[in-house]
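Observations on the model geometry
Listed below, chain by chain, are the residues.
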Amino acid sequence: MKPNSGTLVINIMNGGKAEAYEGVYQCTARNERGAAISNNIVIRPSRSPLWTKEKLEPNHVREGDSLVLHCRPPVGLPPPIIFWMDNAFQRLPQSERVSQGLNGDLYFSNVQPEDTREDYICYARFNHTQTIQQKQPISVKVFSMDSLNDTIAANLSDTDIYGAKPVTERQPVLLTPTGSTSTKVELRGNVLLLECIAAGLPTPVIRWIKEGGELPANRTFFENFKKTLKIIDVSEADSGNYKCIARNTLGSVHHVISVTVKAAPYWITAPRNLVLSPGEDGTLICRANGNPKPSISWLANGVPIAIAPEDPSRKVDGDTIIFSHVQERSSAVYQCNASNEYGYLLANAFVNVLAEPPRILTPANKLYQVIADSPALLDCAYFGSPKPEIEWFKGVKGSILRGNEYVFHDNGTLEIPVAQKNSAGTYTCVARNELGKIQNEVQLEIKDPTMIIKQPEYKVIQRYGQVSFECIIKHDSTLLPTVTWLKDNDELPDDERFLVGKDNLTIMNVTDKDDGTYTCIVNTTLDSVSASAVLTVVAAPPTPAIIYARPNPPFDLELTGQLERSIDLSWIPGDENNSPITSFVIEYEDALHEPGVWHYQTEVPGTQTTVQLKLSPYVNYSFRVIAVNKIGRSQPSEPSEQYLTKSASPDENPANVQGIGSEPDNLVITWEPLKGFQSNGPGLQYKVSWRQKDVDDEWTSVIVANVSKYIVSGTPTFVPYEVKVQALNDLGYAPEPSEVIGHSGEDLPMVAPGNVQVHVINSTLAKVHWDPVPLKTVRGHLQGYKVYYWKVQSLSRRSRRHVEKKILTFRGNKTFGMLPGLEPYSSYKLNVRVVNGKGEGPASPDKAFKTPEGVPSSPSFLKITNPTLDSLTLEWGSPTHPNGVLTSYTLKFQPINNTHELGPLVEIRIPANESSLILKNLNYSTRYKFYFNAQTSVGSGSQITEEAVTIMDEAGILRPAVGAGKVQPLYPRIRNVTTAAAETYANISWEYEGPDHANFYVEYGVAGSKEDWKKEIVNGSRSFFVLKGLTPGTAYKVRVGAEGLSGFRSAEDVFETGPGEAHCTIRQVDIATQGWFIGLMCAVALLILILLIVCFIRRNKGGKYPVKEKEDAHADPEIQPMKEDDGTFGEYSDAEDHKPLKKGSRTPSDRTVKKEDSDDSLVDYGEGVNGQFNEDGSFIGQYSGKKEKEPAEGNESSEAPSPVNAMNSFV
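The paragraphs below set out a description of the structure included in this document. Computed from a predicted structure; not experimentally measured.

Read across the sheet, three strands follow the order S15-S19-S18 without closing on themselves; strand pairing throughout is antiparallel. Of all strands in the sheet, those with a lone pairing partner are strand S15 (192–195) and strand S18 (220–223), marking the two edges. For this sheet, the mean angle separating the axes of adjacent strands, direction not counted, is 20 degrees. Relative to strand S19 (residues 228–231), S18 runs antiparallel, the two being bridged by four bridges. Note on S19: the bridge partner recorded for phenylalanine 222 is leucine 229.

The structure is reproduced here in structure tokens:
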């Protein structure tokens, strides 16, 4: 027997005979409570004996006769399986004519010639021993009537009268069973097999009927070509007379089999285990039936009850044992035996007298999940003796559950036939008996049912179009749904045209075979829903234009899953209007704190129609949803129903808590108050706590109303404090707040920085050092140091001025700083102060320092006056900022020729105490450029520049008017015209000197051609222009002019376009070098000389003549007179520094020229004077009677030198 087991193992593999273990076995299991016994187990060895030796004679049979080939297999255990084969191990064919009977014999209803063979072999297969036994082959020879007659005729004399009858037909005769009646006994529950095999020619057909009844339906089968009737699972009702009828064309024969169904014992009521408490009553019932009626006998612990130990609480009454007032010694195992001649039943039942407190077998806190409006079954499997009473409660302190809404099952299960949302929660099962009580909690969750809120709709789609079926679902957020699509209740075709999305099915390029019904099935672990729609495919009409618009607002907002801090919001999307919805925006309104104001809550993807929202306590929520697509946002949905969350203590404390004193003896604690929905309940207040840091002090606290600051008075100056602010309301406090470090109020610093030192780095920069003050004396947050410094006086002028103090701030705990921007050669003072949040501390003692000399600034002015033939007078002012002691001035000058080329540079050193200088021995009618600067011992300062011109002839000098003595610049002018030519275009650039906002134009033509100039307008005041459309390899002339200025143009420039690559030509044409111009100037000079001679003769005679008429008569067209209303010299602009020359004057204020060496004067020739001079000083004006003076303006001049200058150079 196996250890720790009741299994008995008999192993004969290593020797021994099976026959030694043949017998009846029974197992008994025993402990202190009793003994149980098993049914009898019969062990018999299997047997597969050989066939007995026998001599088999050949079977000679006449055609048409019947034949039976007997098998008669040896008796084996278990019985063998019989089958007929030939020598080739091929099964012999069977039919209505030839078949094998239940006993294994082979029956021929009539033999045919083809039945002749010598290898009819019967095989017996013993499955248990896996062996096959073979009978000796049987020979069958069938003689036909013709061959039989021939044989008889050969063996008989002619006088014998004999002849075999031909094959004749015969009516049926039963081969088995024999006779007209027979009996058959079968046991209840077994298979009933009835057999009829008939002989005859033609082959008879078998039919079965039950006399006085019908063959049982569903349990009746026909086998072996209807020769065998098979009824399975027979019962007493199947008893009766069964008739088999064999029929052919010549008649019929029948046989009646009387079937009696007997029954081995079977249970009506098997004994059941009893668990009793001491003093209780009970019964064991053992009821069985059978045919014949079984007898009942009892055993106790495997011993017949008649001889078992007596138990006063036990009484046997036939098939029942009655127990009264049992005690623990009454525990035993009882066996009931029900027997008849066909078998027996044995059942064990224990009587266990126990005193056990209740036990609950259902796991604690087991979770049950059901769909709303569905039944919920909550288990409470229990055990105890006496049997416990079961009660159910809902919640921790709920009352006992009663009423029609609950069903209480005997096994302790609580059934809620229709579970609602409010059914969710904790349920407590209590089991109690007289020995104790126990309880167990289980959890019930009610889930929202899965719904298809937007079902697929009937669609008619054009062939080759695209169709989409929507299946938008709403489900419990804690359940994971799976969506399956079917077509005509079958899987979708394996075709890439079918695209299954999260909430839709899209079919691309629809064809006719896509017609059908499409079903959307949604499954969760708890429920399943489905919806279907039909798709009809039609021919495609012309496609209308698609109109896109903003989506329609969502609708049917629903709140579910209401919890204290969360809620589920679901909605149905509106029409997307041909533009897919990309997202949904959820907003909320707090009707309690901010009614009418909608706030952003969250945003979810456009494929989502439900969301779990986080809530805050003490807020009266309502929600609305806005759909968004590429076109825009929909109108908001209608608001959902309101949901007021319960109050709770605050979840958070105020933010941005600070402790900053406003006065030296206070601490101002400030914070950002909580917003209304952050209060989580009514009665919002704050607990403000503080204590001095690094001092063993207790917290001081005060509760204040819903304000944002609290002032603590009487604190020491600038000491650190630990500060915290905690929110509270009527329901309790927020979590413990974090501490922040603050400081009480600051006071002004007590001491000034010491050991202030100044190091002068150069004439404009100094570095100041100081010692830091002790931090304790700062009495606040050290912000830095301020350096106050101011100029006392300039050492060069010794004159005091208004003191303007400058301040530099150096952040942090720095001990030095740089003082930039000082004035050279000056006396300064400074002091240093420490700065905190309150202000500045006392100043350090003033520290004086001086800056060294520097280079001076430029002279304040430079004027050039009194031009003569060979001299100019220079006047200047001293530098505004000498920055030291002036040692001298330096004057540099050089002549400028007509092409603006500079001559040799002359340098003159002038004493510092001078303020004017007359330069002599200069060239007449020559322009000079002057450079003037001042020096100190350090070096030279910046220079000032001017230009001036000596006059051509003193006889022509008129006294200019006031302000007219200055040398005027010759502008406006255009010079340095530059061209960069390519194959078909040229870039023209120039330099312009003159008034702003001039409008330029470019004139060009083919060089050497007499064609008119072509004109291009330049946009704006740009100094460049691109000429396009030029001919390659051609020479062009070009010039630049200004609009609105008559005759104001630059000199010509010539360039040539290249054949393929750009050529750059830079030319500066000097008109004075041209031959035609030289000849013209000679003619003009000759005319002027004649005019002067005539004037000289007439003056000596004392006569007067109109100068204007004479000059008009001999005027040269190249001469461009100045403006008649201008009495000033032309003003030049230097090409390098563009600084205008200063204007000087030798003219009295009455604008008359004084008589000097000659009594004769040009003034005598008219009543008034409005004289004009050219740039060389020559008189070219006219006399008139005007006495008024027009405002002075600049004289216009061209780039080319004047004819007068050319004449002077020539003469």
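Further notes follow.
As a further point, take a nonpolar patch on the surface. There is a patch of nonpolar side chains on the surface, built from Leu1086, Leu1089, Ile1090, Ile1093, Val1094, Phe1096 and Ile1097 and spanning about 640 Å² of accessible area. A relative accessible area of 51% means that leucine 1086 is categorised as exposed.

Another point: the environment of threonine 203. By the element assignment, threonine 203 lies in the loop between strand S16 (197–201) and strand S17 (205–210). The exposure class assigned to threonine 203 is partly exposed, which follows from its relative accessible area of 21%. Spatially, the C-alpha atoms of threonine 203 and glutamine 171 are 9.1 Å apart, while their sequence positions differ by 32 residues. Excluding anything up to four places from it in sequence, threonine 203 contacts Glu96, Arg97, Ser109, Asn110 and Asn248. Polar side-chain contacts of threonine 203 include one of 3.0 Å to the side chain of asparagine 110.

Take the pattern of salt bridges next. For the structure shown, the criterion picks out 32 salt bridges. In this structure, the salt-bridge partner of aspartate 65 is arginine 62, at a minimum N-O distance of 3.7 Å. Given the relative accessible area of 23%, aspartate 65 is considered partly exposed. The class of arginine 62 is partly exposed, set by a relative accessible area of 36%. A salt bridge links aspartate 238 to arginine 219; its shortest N-O distance comes to 3.0 Å. Of the two residues, aspartate 238 sits in the loop between S19 and strand S20 (240–248) while arginine 219 sits in the loop between S17 and S18, which places them 19 residues apart along the sequence. Judged by its relative accessible area of 4%, aspartate 238 falls in the buried class. The network of salt bridges with shared partners includes Arg62, Asp65 and Arg170.

With that settled, consider the state of the cysteines. Going through the model one piece at a time under the given rule, you end up with five disulfides. Through a disulfide, cysteine 71 is tied to cysteine 122; the S-S separation comes to 1.9 Å. Here cysteine 71 and cysteine 122 share a disulfide; its torsion about the S-S bond, -70 degrees, makes the bridge left-handed. Residue cysteine 71 is located in the loop between strand S6 (67–69) and strand S7 (81–85), and its partner cysteine 122 is located in strand S10 (residues 117–126); the two are separated by 51 residues in the primary sequence. A relative accessible area of 0% means that cysteine 71 is categorised as buried.

Across a regular strand the side chains alternate sides, sitting on one face of the sheet and then on the other. A large share of strand S55 (residues 620–628) lies buried, amounting to nine of its nine residues. Side-chain alternation along S55 places Asn620, Ser622, Arg624, Ile626 and Val628 on one buried face and Tyr621, Phe623, Val625 and Ala627 on a second face that is also buried. One ladder, built from eight bridges, connects strand S52 (residues 583–590) with S55; its direction is antiparallel. When the bridges of S55 are listed, glutamate 587 appears paired with arginine 624. Here two bridges tie S55 to strand S56 (residues 643–644), and the two strands are oriented antiparallel to one another. By the bridge assignment for S56, asparagine 620 is matched with leucine 644.

Turning our attention to the sheet that holds strand S8 (residues 98–100). Taken together, the three strands give an open sheet; going across it, the order is S6-S9-S8, and neighbouring strands pair in antiparallel fashion. Since the sheet does not close on itself, it has two edges, and those belong to S6 and S8, each with one partner. The mean angle between the axes of side-by-side strands here comes to 15 degrees, regardless of whether they run parallel or antiparallel. Examined bridge by bridge, S8 and strand S9 (residues 106–108) share three bridges and lie antiparallel to one another. By the bridge assignment for S9, glutamine 100 is matched with leucine 106.

A word on the packing of aromatic side chains. With the rule as written, the count across this model stands at 23 aromatic pairs. The interplanar angle of 65 degrees and the centroid separation of 5.5 Å between the aromatic rings of phenylalanine 323 and tyrosine 334 together place this pair among those described as edge-to-face. Residue phenylalanine 323 is located in strand S28 (residues 320–323), and its partner tyrosine 334 is located in strand S29 (residues 332–340); the two are separated by 11 residues in the primary sequence. The structure contains a cluster of three or more aromatic residues connected by ring pairs, namely Phe83, Phe89 and Tyr123.

The residue after leucine 201, namely proline 202, is reached through a cis peptide bond having omega 0 degrees. The topology assignment puts proline 202 in the loop between S16 and S17. For the peptide bond that leads from asparagine 291 to proline 292, omega is 5 degrees, which places it in the cis range. Within the secondary structure, proline 292 sits in the loop between strand S24 (287–291) and strand S25 (295–300).

This paragraph deals with the pairing of strand S81 (residues 1000–1006). Here S81 lies mainly inside the structure; six of its seven residues are buried. Bridge analysis of S81 against strand S84 (residues 1035–1042) gives seven bridges, and the strand direction is antiparallel. What sits directly across from phenylalanine 1000, in S84, is alanine 1042. Sheet topology places S81 next to strand S82 (residues 1014–1017); four bridges connect them, and they run antiparallel. Looking at the pairing, tyrosine 1001 lines up with isoleucine 1017 of S82.

One can find arginine 624 in strand S55. Taking the relative accessible area as the measure of exposure, arginine 624 reaches 19% and is therefore buried. Separated by 38 residues in sequence, arginine 624 and isoleucine 586 have C-alpha atoms that sit 5.9 Å apart. Ignoring any residue separated from it by four or fewer positions in sequence, one finds arginine 624 in contact with Leu557, Val585, Ile586, Glu587, Trp598, Pro636, Ser637 and Pro639. At 2.7 Å, the side chain of arginine 624 and the side chain of glutamate 587 are in polar contact.

The residue aspartate 527 is located in the loop between strand S48 (516–523) and strand S49 (528–538) in this model. Buried charge aspartate 527 goes without a salt bridge, the closest partner of opposite sign being lysine 421 at 11 Å. For aspartate 527, the side chain forms a polar contact with the main-chain nitrogen of threonine 450, separated by 2.9 Å. A distance of 2.4 Å separates polar atoms of two side chains, one belonging to aspartate 527 and the other to threonine 524. Excluding its chain neighbours within four sequence positions, the residues that come into contact with aspartate 527 are Ile371, Pro449, Thr450 and Val522.

The rules behind these values
Residues numbered from 1 in each chain as written. Predicted model: local features only at pLDDT ≥ 70, side-chain atom pairs only at ≥ 80, totals over all residues. Heavy atoms only, no water. Pairing = 2+ DSSP bridges. Helix = DSSP H or I, 4+ residues; strand = E, 2+ residues; numbered from the N terminus. Axes fitted to C-alpha atoms, helices over the stretch in contact; angles between N-to-C directions. Patch = residues over 30% accessible without salt bridge, like charges linked within 9 Å, V, L, I, M, F, W, Y side chains within 5 Å. Areas by Shrake-Rupley, 256 points an atom, 1.4 Å probe, with all protein chains shown as cover. Salt bridge = Lys/Arg side-chain N within 4 Å of Asp/Glu carboxyl O. Buried < 20%, exposed > 50% of the residue type's maximum accessible area, 1.4 Å probe, protein only. Contact = heavy atoms within 4.5 Å. Polar contact = N/O pair within 3.5 Å; in protein donor to acceptor, adjacent residues only side chain to side chain. Disulfide = S-S within 2.5 Å. Phe/Tyr/Trp six-rings, centres within 6.5 Å; stacked < 30°, edge-to-face > 60°. Lys, Arg positive; Asp, Glu negative; His and termini not counted.

Function-wise, these values are silent; they only describe arrangement.
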